[in-house]
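# Geometric and topological summary
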Amino acid sequence: MGKVIGKTKDGQDIIAYEISGGRLRAKVMNFGANLMELHVQIKGGEDRDIVLGYKDVEQYFDNDPNYGCTIGRNANRIGGATFTIDGVNYDIEKNDNGHNNLHSAFTSIQRRIWDTKEEAADHITFAYHSPDGDLGFPGNMDIEVTYTVDSDSHLILDYKGVSDKKTIFNPTNHTYFNLHGEGNGDILDTEVCIHADSFSQTDKESIPDGTYAAVEGTPMDFRDFHAISERINADYDQLTWAGGYDHNYELTKDEKWHRSAFDHDGKKEYEAAQFRLPDKSLQINVITDLPGIQFYSGNYISGKEYGKSGKLYVRRGGVAFETQFFPNAINVPKYAQPIIEAGEQYHSKTVYEII
């Protein structure tokens with residue numbers, strides 16, 4: 001059963017739930033369908049929480065880094081905070097650099113109370129109804145996210161959605177991982193491998209324009225494992241503009257990365273990325289059916305906030321791997337489009353495999 005851990009500013013109960021399976025135990029809450037904790041049983045008996053978050057629930061009301069949030073209706077950036085569907089122009093919140101849109105809006109679904117639709121020992125489903133015109137997006141939309149932990153050490157996120165109008169739908173999860181344990185320094189020694197030959201080149205405001213850039217010969221090349229620290233401070237415009245890694249990788253989806261155990265609804269799931277501690281004692285593989293993944297090295301963590309265990313969260317104290325359609329895809333026709341038709345059932349699955 002869930003436990004009330006606080007109230008929103010308008011008096012709604014904030015309820016936290018624990019789910020567990022195998023080596024994993026997670027805490028999630030109905031505020032933002034937010035992942036608050038992810039505990040892993042380490043060899044030797046250590047219980048290690050590997051995701052960043054706050055001690056006091058009220059801190060999640062602001063949560064500028066978006067620790068653990070379910071992001072939607074549209075994750076990542078939309079250039080000019082405007083888009084067109086079937087000749088109709090839609091303007092949304094200009095919450096990024098004064099004229100772009102980031103993660104839909106500050107007060108989007110990641111900072112709202114969701115309904116608890118289903119609860120079990122190993123999974124929980126949250127549901128949210130977003131009305132037509134909500135934050136500027138068309139369509140009455142019903143959204144669900146299910147968190148599942150299983151005995152094989154998988155954290156599985158299922159996203160579903162249906163709208164009565166053609167609309168954008170591109171949800172993701174914005175959890176920050178620190179495999180040393182939340183609050184235990186930065187993530188610069190974390191070794192990363194991303195199964196992608198190219199990334200979405202951006203302008204100085206991190207807006208892709210449709211240019212594909214090959215990773216070969218650049219500091220963006222993670223086709224083999226590299227420590228984040230190895231090239232993050234390289235004299236390279238993409239890294240300089242973003243303050244580090246904050247880029248969408250265009251996944252190769254080679255059959256050697258196919259993870260058929262997670263296929264669903266005729267969609268294939270592929271391993272997209274891997275990240276691990278340098279001693280290889282803990283590794284996470286990210287699996288998705290989506291075309292891209294945002295690799296974000298926590299460049300804008302302020303270094304001024306204390307986390308749930310009372311430790312200071314330093315800059316680059318967490319790393320995020322956000323599965324997604326490409327940023328600004330709605331304004332770049334050659335990209336796979338984050339569009340669903342009226343009545344179309346959307347279903348996407350992301351798996352964090354912990355080994």
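Structure first, text after, so check above.
Residues numbered from 1 in each chain as written. Predicted model: local features only at pLDDT ≥ 70, side-chain atom pairs only at ≥ 80, totals over all residues. Heavy atoms only, no water.

### Description of the overall build of the chain
Rule in force here: Only runs of H or I of at least four residues qualify as helices and only runs of E of at least two qualify as strands under DSSP, and these elements are numbered from the N terminus. We compute the radius of gyration over the C-alpha atoms and compare it with the globule rule, which gives 2.2 Å times the number of residues raised to the power 0.38. For every residue, the accessible area obtained with a 1.4 Å probe (protein chains only) is divided by the maximum for its type, and the residue is called buried under 20%, exposed over 50%, and partly exposed between those limits. This count recognises Lys and Arg as positive and Asp and Glu as negative, with His and chain-terminal groups excluded. Taken as the charge centre is NZ of Lys, CZ of Arg, CG of Asp or CD of Glu, depending on the residue.
On a plain count of helices and strands, the chain comes out with one helix and 27 strands. Radius of gyration (C-alpha) of the chain: 19 Å, near the 20 Å computed for a compact globule of 355 residues. Considered along the principal axes of its C-alpha atoms, the chain spans approximately 60 × 50 × 40 Å. Within the chain, the proportion of its 355 residues that are buried is 59%. Of the charged side chains in the chain, 35 are positive and 56 negative; the average position of the first set lies 2 Å away from that of the second.

### What to know about the pairing of strand S3 (residues 24-29)
Our working definition: Strands were regarded as paired on the criterion that DSSP finds at least two bridges between them.
Here strand S2 (residues 13-21) pairs with S3 via six bridges, running antiparallel. Bridging across to S3, isoleucine 19 finds its partner in alanine 26. The antiparallel pairing of S2 with S3 creates a hairpin that spans two residues between the two strands, and glycine 22 there sits at a positive phi of about 60°. Bridging between S3 and strand S4 (residues 34-41) involves six bridges; their strand directions are antiparallel.

### Observations concerning the nonpolar core
To be explicit about the condition: What is meant by a nonpolar core is a set of buried Ala, Val, Leu, Ile, Met, Phe, Trp, Tyr and Cys residues, joined one to another through side-chain atoms within 4.5 Å.
Ile50, Ile194, Tyr249 and Phe295 are the most contacted members of the largest nonpolar core, which totals 61 residues. Counting residues per element, this core draws most heavily on strand S13 (residues 141-149), which supplies five residues. By size, the runner-up hydrophobic cluster in this structure holds 17 residues, among which are Ile14, Tyr67, Ile113 and Tyr313.

### Overview of the packing of aromatic side chains
Note the cut-off: Pairing of aromatic rings covers Phe, Tyr and Trp, the last through its six-membered ring, and needs centres within 6.5 Å; plane angles under 30 degrees mean stacked, over 60 mean edge-to-face, and all others mean tilted. Only when the NZ of Lys or the CZ of Arg is both within 6 Å of the ring centre and within 35 degrees of the ring normal is a charge said to sit over the ring.
Scanning the entire structure with this criterion turns up 22 aromatic pairs. With a centroid separation of 5.7 Å and an interplanar angle of 85°, the aromatic rings of tyrosine 67 and tyrosine 313 are classed as edge-to-face. Here tyrosine 67, found in the loop between strand S5 (47-49) and strand S6 (70-71), pairs with tyrosine 313, found in the loop between strand S24 (292-296) and strand S25 (320-324); they are 246 residues apart in sequence, far enough to count as distant. In terms of burial, tyrosine 67 and tyrosine 313 fall into one category: buried. Put simply, the rings of Phe177, Phe199, Phe222, Tyr245, Tyr249, Phe275, Phe295, Phe321 and Tyr352 pair up and form one aromatic cluster. The ring of phenylalanine 106 has arginine 111 sitting right over it, with the charged end atom 4.1 Å from the ring centre.

### Some thoughts on the pattern of salt bridges
Rule in force here: Salt bridge, as used here, is a side-chain nitrogen of Lys or Arg placed within 4 Å of a carboxyl oxygen of Asp or Glu.
Within the structure shown, the criterion is met by 19 salt bridges. Lysine 117 is the partner of glutamate 144 in a salt bridge, and the nearest nitrogen-oxygen pair spans 2.3 Å. Taken together, the residues glutamate 144 in strand S13 and lysine 117 in strand S11 (residues 115-119) connect sequence positions 27 residues apart. A salt bridge links aspartate 197 to arginine 223; the nearest nitrogen and oxygen atoms lie 3.9 Å apart. Of this pair, aspartate 197 sits in strand S18 (residues 196-202) while arginine 223 is found in the loop between strand S19 (208-214) and strand S20 (226-227), placing the two residues 26 residues apart along the sequence.

### Brief notes about the environment of aspartate 134
So the rule is basically this: A contact between two residues is defined here by any heavy atoms of the two lying within 4.5 Å.
Topologically, aspartate 134 is positioned in the loop between strand S12 (123-130) and S13. If near-sequence neighbours (up to four positions away) are discounted, aspartate 134 is found in contact with Arg73 and Arg112.

### Re the environment of threonine 288
Convention followed: Two N or O atoms form a polar contact when they lie within 3.5 Å of each other; inside protein one atom must be a possible hydrogen donor and the other a possible acceptor, and for residues adjacent in sequence the pair counts only when both atoms belong to side chains.
Of note, threonine 288 is situated in strand S23 (residues 283-288). In this view, threonine 288 contacts Leu251, Lys268, Glu269, Tyr270, Ala272, Thr323, Lys349 and Thr350; residues no more than four positions away in its chain are not counted. Among the polar contacts made by the side chain of threonine 288, one reaches the main-chain amide nitrogen of leucine 290 at a distance of 3.0 Å.

### Description of the sheet that holds strand S17 (residues 191-194)
The strand order across the open sheet built from nine strands is S11-S12-S13-S14-S27-S23-S22-S17-S20, with neighbouring strands paired in antiparallel fashion. Either end of the sheet is taken by a strand with one partner, and the two such strands are S11 and S20.

### Considering the sheet that holds S5
We apply this condition: The axes are straight lines fitted to the C-alpha atoms, using for helices just the contacting stretch, and the angles between their N-to-C directions are given from 0 to 180°.
Spatially, the five strands line up as an open sheet ordered S1-S2-S3-S4-S5, and their pairing is antiparallel. The open sheet terminates on both sides in strands that have one partner only, identified here as strand S1 (3-7) and S5. Each strand axis lies, on average, 25° off the axis of its neighbour in the sheet, ignoring direction.

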